Amino acid sequence: MTELYHWFDLIGVAVFAISGTLVAYEKKMDGFGVVVLATVTAIGGGTVRDVILNVPVFWLHDQSYFAAILAAILLTTRLINKQRTIPHYNLQIADAFGLAFFAVMGTQKALLAGMPDMTAVIMGVITGCFGGLIRDVLAREIPMLLKGELYATTCIAGGIVYTLCINFSLIVEVAMILSMLMTLLLRFAAIKWGIVLHVFKYPD
Amino acid sequence: MTELYHWFDLIGVAVFAISGTLVAYEKKMDGFGVVVLATVTAIGGGTVRDVILNVPVFWLHDQSYFAAILAAILLTTRLINKQRTIPHYNLQIADAFGLAFFAVMGTQKALLAGMPDMTAVIMGVITGCFGGLIRDVLAREIPMLLKGELYATTCIAGGIVYTLCINFSLIVEVAMILSMLMTLLLRFAAIKWGIVLHVFKYPD
Amino acid sequence: MTELYHWFDLIGVAVFAISGTLVAYEKKMDGFGVVVLATVTAIGGGTVRDVILNVPVFWLHDQSYFAAILAAILLTTRLINKQRTIPHYNLQIADAFGLAFFAVMGTQKALLAGMPDMTAVIMGVITGCFGGLIRDVLAREIPMLLKGELYATTCIAGGIVYTLCINFSLIVEVAMILSMLMTLLLRFAAIKWGIVLHVFKYPD
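Residues numbered from 1 in each chain as written. Chains lettered and ligands numbered in written order. Predicted model: local features only at pLDDT ≥ 70, side-chain atom pairs only at ≥ 80, totals over all residues. Heavy atoms only, no water.

Under an unreviewed UniProt entry, the name given to chain A is Glycine transporter domain-containing protein, and the organism recorded is Pseudoalteromonas nigrifaciens. For chain A, the Subcellular location (unreviewed entry) comment in UniProt is given as "Cell membrane". Taken from UniProt, the Sequence similarities (unreviewed entry) comment for chain A reads in full: "Belongs to the UPF0126 family." (UniProt positions renumbered as here; feature names shortened; annotations may be inferred.)

Participant: Just to check I follow, could you spell out the overall build of chain A for this structure?
Facilitator: A count of helices and strands for chain A gives seven helices and zero strands. Ordering the α and β elements of chain A from the N terminus gives α-α-α-α-α-α-α. The 204 residues of chain A split such that 55% are buried. Put simply, 72% of the contacts in chain A that link residues at least 6 apart link residues at least 24 apart. For chain A, the accessible area works out to roughly 8,900 Å², and carbon and sulfur atoms hold 69% of it. (Helix = DSSP H or I, 4+ residues; strand = E, 2+ residues; numbered from the N terminus. Buried < 20%, exposed > 50% of the residue type's maximum accessible area, 1.4 Å probe, protein only. Contact = heavy atoms within 4.5 Å. Areas by Shrake-Rupley, 256 points an atom, 1.4 Å probe, with all protein chains shown as cover.)

Participant: Help me understand the relation of the copies chain C and chain A in this model?
Facilitator: Between the two copies of the chain lies a rotation about an axis combined with a shift along it. For the pair chain C and chain A, the superposition axis carries a translation of 0.0 Å, the fit reaches an RMSD of 0.0 Å, and the rotation angle comes to 120°. Taken together, the turn and the small shift mark the pair as related by a three-fold rotation axis. (Least-squares fit on C-alpha atoms with pLDDT ≥ 70 in both.)

Participant: What should I look at first to understand the environment of Ile52(A) in this one?
Facilitator: Tracing the backbone shows Ile52(A) in helix α2 (residues 31–53). The exposure class assigned to Ile52(A) is buried, which follows from its relative accessible area of 8%. The sequence separation of Ile52(A) and Met123(A) amounts to 71 residues, and the corresponding C-alpha distance is 8.9 Å. Excluding its chain neighbours within four sequence positions, the residues that come into contact with Ile52(A) are Met123(A), Ile126(A), Thr47(B), Val51(B), Val57(B), Trp59(B) and Leu60(B).

Participant: Looking at this structure, how should I read the pattern of salt bridges?
Facilitator: Side chains carrying opposite charge are able to pair once their charged atoms draw close together. Counting across every chain of the model gives nine salt bridges over all chains. In this structure, Arg135(B) and Asp136(B) form a salt bridge, with 3.0 Å as the shortest nitrogen-oxygen distance. With respect to burial, Arg135(B) and Asp136(B) carry one shared label: buried. Each member of the salt-bridge network shares a partner with another, and the members are Arg49(A), Asp50(A) and Lys109(A). (Salt bridge = Lys/Arg side-chain N within 4 Å of Asp/Glu carboxyl O.)

Participant: Just to check I follow, could you spell out the UniProt feature "transmembrane region" (unreviewed entry) in chain A for this structure?
Facilitator: Residues and elements named next belong to chain A. Mapped onto this numbering, the UniProt entry annotates "transmembrane region" (unreviewed entry) at residues 6–25, 32–52, 64–81, 118–138, 150–171 and 177–200. Between the first and last C-alpha atoms of residues 64–81 the distance is 26 Å; the span itself is 100% helix and 0% strand. Along residues 150–171 the backbone is 73% helical and 0% strand, and the end-to-end C-alpha distance reaches 29 Å.

Participant: Sorry, what's going on with the interface of chain A and chain B here?
Facilitator: Of the residues lining the interface, 33 residues belong to chain A; the matching set on chain B comes to 28 residues. Here chain A meets chain B over a buried area of about 2,700 Å², counting both sides, of which 69% is carbon and sulfur. Counting across the interface, chain A meets chain B through zero salt bridges. Joining chain A to chain B, the criterion identifies two residue pairs in polar contact (both at pLDDT 80 or more). Elements represented by at least two residues in the side of chain A that touches chain B include exactly α2, α5 (117–138) and α6 (152–167) of chain A. Residues of the side of chain A that touches chain B, tallied by class, amount to 23 nonpolar, five polar and five charged. (Buried area = accessible area lost by both parts, 1.4 Å probe. Polar contact = N/O pair within 3.5 Å; in protein donor to acceptor, adjacent residues only side chain to side chain. Nonpolar A, V, L, I, M, F, W, Y, C, P; charged D, E, K, R; others polar.)

Participant: For this particular structure, what's the right way to read the packing of helix α5 (residues 117–138) of chain B against helix α6 (residues 152–167) of chain B?
Facilitator: The axes of two packed helices give the description: the angle between them and the distance between them. All names here are of chain B. Two elements in contact, α5 and α6, have axes whose closest approach is 9 Å; the angle formed by their N-to-C orientations is 140°. Judged by the angle between their axes, α5 and α6 are oblique. Along this stretch, α5 crosses α6, giving a crossing that reads as right-handed. Note on element contacts: α6 touches α5 through Ala152, Cys155, Ile156, Gly159, Ile160, Thr163 and Asn167, opposite Asp117, Ala120, Val121, Val125, Gly128 and Cys129. The class makeup of the residues in the contact of α5 with α6 is eight nonpolar, four polar and one charged. (Axes fitted to C-alpha atoms, helices over the stretch in contact; angles between N-to-C directions. Parallel < 35°, antiparallel > 145°, perpendicular 65-115°, else oblique. Left-handed = near helix turned anticlockwise from the far one by under 90°.)

Participant: Sorry if this is basic, but what is going on with the interface of chain C and chain A here?
Facilitator: Size of an interface: often given as the accessible area lost when the parts come together. Each side of the interface is counted separately: chain C has 33 residues, and chain A has 28 residues. Summing both partners gives a buried area of about 2,700 Å² for chain C against chain A, and 69% of it is carried by carbon and sulfur. Put simply, chain C and chain A have two residue pairs in polar contact (both at pLDDT 80 or more) between them. For the side of chain C that touches chain A, the secondary structure elements donating two or more residues are α2 (31–53), α5 (117–138) and α6 (152–167) of chain C. Of the residues contributing to the side of chain C that touches chain A, the split by class is 23 nonpolar, five polar and five charged.

Participant: It is not clear to me how a nonpolar patch on the surface should be interpreted in this structure. Could you clarify?
Facilitator: Residue and element names in this part refer to chain A. On the surface, Ile160, Leu164, Phe168, Leu170, Ile171, Val174 and Leu178 cluster together into a nonpolar patch covering about 620 Å² of accessible area. Elements with a minimum of two residues in the nonpolar patch: α6 and α7 (172–193). Relative to the helices and strands, Ile171 resides in the loop between α6 and α7. (Patch = residues over 30% accessible without salt bridge, like charges linked within 9 Å, V, L, I, M, F, W, Y side chains within 5 Å.)

Participant: Honestly, the relation of the copies chain A and chain B in this entry has me stumped. Any pointers?
Facilitator: Of the two same-sequence chains, chain A is brought onto chain B (RMSD 0.0 Å, axial shift 0.0 Å) by a rotation of 120°. By residue overlap, the copies meet through two different surfaces: only 12% of the interface positions of chain A are interface positions in chain B.

Participant: How should the confidence of the model for chain A be read in this particular structure?
Facilitator: Low-pLDDT portions of the prediction should not be read for the details of their coordinates. On average, residues of chain A score 84 in pLDDT, and 87% of them are at 70 or above. Between the elements of chain A, mean pLDDT differs from a low of 83, seen in helix α1 (residues 2–26) of chain A, to a high of 91, seen in α6(A). (pLDDT = per-residue confidence, 0-100.)

Participant: Explain the environment of Gly114(B) here, please?
Facilitator: You can see Gly114(B) is positioned in the loop between α4 (88–112) and α5. Spatially, the C-alpha atoms of Gly114(B) and Leu53(B) are 9.7 Å apart, while their sequence positions differ by 61 residues.

Participant: Please explain unusual backbone geometry as it appears in this structure.
Facilitator: Among all residues except glycine, the phi angle is most often negative; among peptide bonds, the trans geometry is most common. Residue and element names in this part refer to chain A. Its identity is not glycine, yet Asn54 carries a phi of approximately 60°, on the positive side. Structurally, Asn54 is set in the loop between α2 and α3 (64–81). Given the relative accessible area of 37%, Asn54 is considered partly exposed.

Participant: In this structure, what is going on with empty space enclosed by the protein? I would like to understand it.
Facilitator: Where empty space is left becomes clear once a probe the size of a water molecule has been rolled over the atoms. Scanning all chains against the criterion turns up four cavities of 30 Å³ or more. As a volume, the largest cavity reaches approximately 130 Å³. Secondary-structure elements contributing two or more residues to the lining of the largest cavity are α2 of chain A, α2 (31–53) of chain B together with α2 of chain C. Of the residues in the lining of the largest cavity, the class split is 13 nonpolar, three polar and three charged. (1 Å grid on protein atoms, 1.4 Å probe; cavity = no way out; pocket = protein on both sides within 12 Å on 5 of 7 lines; lining within 4 Å. Points joined across faces, edges and corners; volume = space filled by probe spheres on them.)

Rendered as structure tokens:
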């Protein structure tokens, strides 16, 4: 089971590395810019989470994450250079899977570290969203998660479902599946219908 | 007394959350952007301080901070939507109180962790100013503290007064009041007379 | 020997503080903006490294770093105000020395903390480059290391040479000299011939 978690984790890392590579391409960065942006996007969220939780940062002793990032970069640059652009819609779907897994894993890791529920949900949001946040800051974009359709909110929903399941003594595997489904479905709905959460009434 | 500290702390957090909400409004962010920006502004400085000091991050086990942030957001959005804009001057006064309290609390926490005086003063600056710094980076503004009138300098002054008081064996409460007053008065003066610290002679 | 390391370290810090001061001048920041930008550039990389490695942050108990930063700022502002601009080429040479030393020291510190080779190389990159990265983010520039000629790549090369030397049981001093030379020569070559690492074929 731990083996399986690790594989899902690697897939999540690879998916976020692809999104970092694509942004680096749009910004016409050089080779190292691509590597930095892809790496930061892929492991930034989990790094901030581990530093705040004061647990060992997850990639310090596991180099397979960098192999996953490198593979994602090579694949993406090859596809782009062959003019076969990655369809935006496919990327969003993959990104949603990465988001769902990262949010739930982040929540779980915080609960294991003895954090209260609310802190755990916030750690899920940090794990899922901060990589992309740092990516956008470095690329000088207004962070995607601060504008536009539901993104981080789906992590909150997933984290709440996960902590509720654990509080109702469901087994971890069921809690993970339910909370990932919640995150995924919300995110798919937000992409399909362009759901935005407004709090201000802006004058027209 | 600890009880009292905590209440002041919550007020400081709430004041900074208001400033984050106002910036999010100006940038026309959606609901989650508001929550992220308000939260980061309110707890960003203390989080960076605790991570660098390697002590437990202050909000991990205390959810009252998030209640204060949420209350501040709800209040601010309600006021804005009723077209009753918060007077800029009032906000600056409140912000100055938050700044003074955060700077002194940050210095105190570093001294308690066994840091030398200079490090403690720097921790006061980080606590008081880094939340706003991250807010401005995310909102793609040139950080307020890097431009314009005295801001972080007032934290340095407050921190120096605090460490001096402690070195002269004054009791903690007196040291806190004196150093907060120092920070507040300097900041008020900077707001009223637009005091700027120039080091370069720019050609006209 | 440790004494000597510390002196080199201080020189590296001072050189990066100068680059931060120059950027602050270009952005017409005030006195505190200069201090913040110079300090963040000089100690940002090492701070991020130590936080991720979860070892005590290097400047917490050593105030000589701040003396070096202050001296660098005073020197630079004095030179600028006398209209004697620092020649860009000289700055790049000094910066290259700082980069080489920081990259190798970062790699070494990570190995001492028991990290695997790849993590140690990444820590060298973080130590050498993250200060400048944060500087550029705060000054709202696209980070230099994400664009233009070889910069971080030279840190990677230096770190790989260092870990190889250690793996082949060379003594630490030889490993340091060889890896610093590698970083320096690569960086000099990149400056002289404008070497860029392209991975995308951009349409003309």
